[in-house]
Amino acid sequence: MTTENKNTPVPPATAVARDAHWAAKLARLRARELPEYTLVICDDQDAKRHLDETLRDLARCRMADAENGREYSDATAKAEVEVETAQEMFDCVALELTFRALPRPILDGLIKRFPPTEAQAEDGDAWNPETFPAALIAAAHIERDDEYNVVEGMSEEDAQDLLDSWPVAESNALFAAAWQAQQIVRTSTVELGKG
């Protein structure tokens, strides 16, 4: 062994293990998918009503099973099949719009791009409520093809057209869905006792 090799410092094994542990945890933190929120739109009120009725029937069957000390009855099995069928019918006529949370710098930049007017700021608005909603909807919208690949989605012009042409409650729901994607929290904290 040469003198040079003898004098080369060797990091302590615990430090090496800690580094590997932190590197693995950091890799998992960086690989997390951004949360998504989906708005379901169904214009077929009969399909919606039928699904709601089958869900209520299934809940009643399960409650009856619990009250009678049964785990599962024939009525419950039948109600589950009816829910599956109603859900398939509903899914065929419903539309889904999915929105993904934006990384913080992108959302901050979007808000800065659409500042409130002086009057809007005096009313407490953090952004321009006339132009920001369409931009957020377009930026957060995620469209997927049948193979679940992300494809081009809604433009700001498309979003503004929907906001302008839909009734106010549905227009508000569209913006709320895009905003809700930004508000999803998937974390929790653990309080440690003193001592």
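Residues numbered from 1 in each chain as written. Predicted model: local features only at pLDDT ≥ 70, side-chain atom pairs only at ≥ 80, totals over all residues. Heavy atoms only, no water.

1. Here we look at the overall build of the chain
Link 1 in the chain: Along the chain, the regular secondary structure elements total 9 helices and 4 strands.
Link 2 in the chain: Whereas a compact globule of 195 residues would reach a radius of gyration of roughly 16 Å, the chain reaches 26 Å, over 25% beyond that.
Link 3 in the chain: By its C-alpha atoms, the chain is 85 × 60 × 45 Å across when sized along the principal axes.
Link 4 in the chain: For the chain, the proportion of its 195 residues judged to be buried stands at 25%.
Link 5 in the chain: Counting contacts in the chain only where the partners sit at least 6 residues apart, residues at least 24 apart contribute 65% of the total. (Helix = DSSP H or I, 4+ residues; strand = E, 2+ residues; numbered from the N terminus. Rg over C-alpha atoms; globule rule 2.2 N^0.38 Å. Buried < 20%, exposed > 50% of the residue type's maximum accessible area, 1.4 Å probe, protein only. Contact = heavy atoms within 4.5 Å.)

2. Overview of the environment of Ala23
Link 1 in the chain: Looking at the element boundaries, Ala23 is found in helix α2 (residues 13–30).
Link 2 in the chain: As a C-alpha pair, Ala23 and Phe99 span 76 residues in sequence and 30 Å in three-dimensional space.

3. Focus on the nonpolar core
Link 1 in the chain: In terms of nonpolar packing, the biggest core is built from 23 residues, with Phe99, Leu110, Phe132, Leu136, Ile137 and Leu174 touching the most fellow members.
Link 2 in the chain: Among the secondary structure elements, those contributing two or more residues to this core are β1 (36–41), β2 (95–100), α5 (104–113), α7 (132–140), α8 (156–165) and α9 (168–183).
Link 3 in the chain: Ranked by residues supplied to this core, first place goes to α7 with 6 residues.
Link 4 in the chain: Beyond its immediate sequence surroundings of up to four residues, Ile137 is in contact with Phe99, Met154, Ala159, Leu163, Leu174, Phe175 and Ala178.
Link 5 in the chain: One finds Leu51, Ala86, Phe90 and Ala94 within the second-largest nonpolar core, a separate group that totals 5 residues. (Core = buried A, V, L, I, M, F, W, Y, C linked by side-chain atoms within 4.5 Å.)

4. Details of the environment of Arg100
Link 1 in the chain: Mapped onto the fold, Arg100 is located in strand β2.
Link 2 in the chain: C-alpha separation for the pair Arg100 and Glu36, spaced 64 residues apart in sequence, amounts to 4.3 Å.

5. Some thoughts on the pattern of salt bridges
Link 1 in the chain: Going through the model one piece at a time under the given rule, you end up with 10 salt bridges.
Link 2 in the chain: The shortest N-O distance in the salt bridge between Glu36 and Arg144 comes to 2.5 Å. Here Arg144 lies in strand β3 (residues 141–144) and Glu36 lies in strand β1, a separation of 108 residues in the sequence.
Link 3 in the chain: Connected through salt bridges with shared partners, the residues Glu36, Arg100 and Arg144 form a single ionic network. (Salt bridge = Lys/Arg side-chain N within 4 Å of Asp/Glu carboxyl O.)

6. Focus on the sheet that holds β1
Link 1 in the chain: Overall, antiparallel pairing links the 4 strands, which are arranged β1-β2-β3-β4 in an open sheet. With one partner strand each, in any of the chains shown, β1 and β4 (150–151) form the two edges of the open sheet.
Link 2 in the chain: Contacting β2 and β3, α7 runs over the sheet at an angle of about 35 degrees to β3. (Pairing = 2+ DSSP bridges. Axes fitted to C-alpha atoms, helices over the stretch in contact; angles between N-to-C directions.)

7. What about the packing of α7 against α8?
Axes are the key here: two packed helices are described by the angle between their axes and the distance separating the axes.
Link 1 in the chain: Relative orientation of the contacting elements α7 and α8 amounts to 125 degrees, with a least axis distance of 8 Å. The angle between the axes of α7 and α8 places the two elements in the oblique class. Where α7 crosses over α8, the two elements pack in a sense that is right-handed. Where α7 abuts α8, its residues Pro133, Ala134, Ala135, Ile137 and Ala138 lie against Glu156, Ala159, Gln160 and Leu163.
Link 2 in the chain: Classifying every residue of the contact of α7 with α8 by side-chain character gives 7 nonpolar, 1 polar and 1 charged. (Parallel < 35°, antiparallel > 145°, perpendicular 65-115°, else oblique. Left-handed = near helix turned anticlockwise from the far one by under 90°. Nonpolar A, V, L, I, M, F, W, Y, C, P; charged D, E, K, R; others polar.)

8. Quick notes on the packing of helix α3 (residues 45–67) against helix α4 (residues 74–93)
Link 1 in the chain: Packing of α3 against α4 brings their axes to within 9 Å, and their N-to-C directions diverge by 160 degrees. Accordingly, the angle class assigned to the pair α3 and α4 is roughly antiparallel. As for the relative orientation of α3 and α4, their crossing is left-handed in sense. Residue-level inspection shows Ala47, Lys48, His50, Leu51, Thr54, Leu55, Asp57, Leu58, Cys61, Arg62 and Asp65 of α3 in contact with α4, the latter providing Ala75, Thr76, Ala79, Glu80, Glu82, Val83, Ala86, Gln87, Met89, Phe90 and Val93.
Link 2 in the chain: Of the residues contributing to the contact of α3 with α4, the split by class is 12 nonpolar, 4 polar and 6 charged.

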